[in-house]
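Chain by chain, the residues:
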Amino acid sequence: QIGIKSVACNVSDIAAMGGKPTFMFVSFALKPDTEIEWVEALYQGMGDACRRYGVVLAGGDTTHSEVITISITLLGRVAPDHLCLRSQARPGQLLCVTGPLGGSAAGLAMLMAGLNPSAYLKTKHLAPECRLDVSPLIAPEAGAMIDISDGLAAEVNHICDQSETGAEIILADIPIHSSVIDAARSIGEDPHAFALSGGEDFELLLSISQQGKRRLEEKGVSLTTVGVVTEAA
């Protein structure tokens, strides 16, 4: 699971810029008592994720430490006219996400509370997948794009800061999976808090025109509008 997640979160950054991941370099710092079986399982997870996303594990380094550390450098390429920056949002564009939010944070909260999360929440937190499956289709149509690794609220702020715009988000329109709602109810939390500030969902947040969204939906890309880009306050 650690191997899968370490690859997915890096590939997600490439996907968020409209790019395609290519070569990955991994450096490990391992404790002296680290078991060989643990390292083999870590590589197994990395290998599975690399095959899924078409990444070549090209090398790296290994050393010893008192703390286990995984350091990944991931390279990628992107066509110049498909490059999506945080600075490319424009007033009047829609703000859309590629899927439900809050699953990873809800899964973590359940585990921290000593409860057994649903299979959906457990997968979202422990072995997430990024949205490289749709980012190549989205990139030609999108303005700004960013992956949701810090929570929706933080990512909207990042886009607004870099694009010098404002934004209006409609809380009721944020897509939240039923498992997140159930988990929040069981531990007395607000499911919207998981979506807004939980992070590690690795869905994409993008700005896009109405026409661009319509064209993507005609190609089978599912997007949920959560707000609009406005003039800076």
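Whatever comes next refers back to the structure up there.
These lines cover the structure that appears in this document, whether it is placed above or below. This structure is a prediction, so every number in the text was calculated from the model and none was measured.

When its secondary structure is counted, the protein shows nine helices and eight strands. Judged by the C-alpha coordinates and their principal axes, the protein covers about 55 × 45 × 35 Å. Across the 233 residues that make up the protein, the buried fraction comes to 45%. Considering only contacts within the protein whose residues lie at least 6 apart along the sequence, 85% involve residues at least 24 apart. When the accessible surface of the protein is split by element, carbon and sulfur atoms take 53% of a total near 11,400 Å².

Okay, a nonpolar patch on the surface next. The grouping of Phe-23, Phe-25, Val-56 and Leu-75 at the surface amounts to a nonpolar patch, some 320 Å² of accessible area in total. With respect to the helices, strands and loops of the structure, Phe-23 is situated in strand β1 (residues 20–30).

Across the interface, helix α1 (residues 2–15) lies against helix α2 (residues 36–53) with an axial gap of 6 Å and an inter-helix angle of 35 degrees. Crossing geometry of α1 relative to α2 is assigned as right-handed. Facing α1, whose interface residues are Ile-2, Gly-3, Ile-4, Ser-6, Val-7, Ala-8 and Val-11, α2 presents Trp-38, Leu-42, Gly-45, Met-46, Ala-49, Cys-50, Arg-52 and Tyr-53. Here the contact of α1 with α2 is composed, by residue class, of 11 nonpolar, three polar and one charged.

Criteria and thresholds
- Residues numbered from 1 in each chain as written.
- Predicted model: local features only at pLDDT ≥ 70, side-chain atom pairs only at ≥ 80, totals over all residues.
- Heavy atoms only, no water.
- Helix = DSSP H or I, 4+ residues; strand = E, 2+ residues; numbered from the N terminus.
- Buried < 20%, exposed > 50% of the residue type's maximum accessible area, 1.4 Å probe, protein only.
- Contact = heavy atoms within 4.5 Å.
- Areas by Shrake-Rupley, 256 points an atom, 1.4 Å probe, with all protein chains shown as cover.
- Patch = residues over 30% accessible without salt bridge, like charges linked within 9 Å, V, L, I, M, F, W, Y side chains within 5 Å.
- Salt bridge = Lys/Arg side-chain N within 4 Å of Asp/Glu carboxyl O.
- Axes fitted to C-alpha atoms, helices over the stretch in contact; angles between N-to-C directions.
- Left-handed = near helix turned anticlockwise from the far one by under 90°.
- Nonpolar A, V, L, I, M, F, W, Y, C, P; charged D, E, K, R; others polar.

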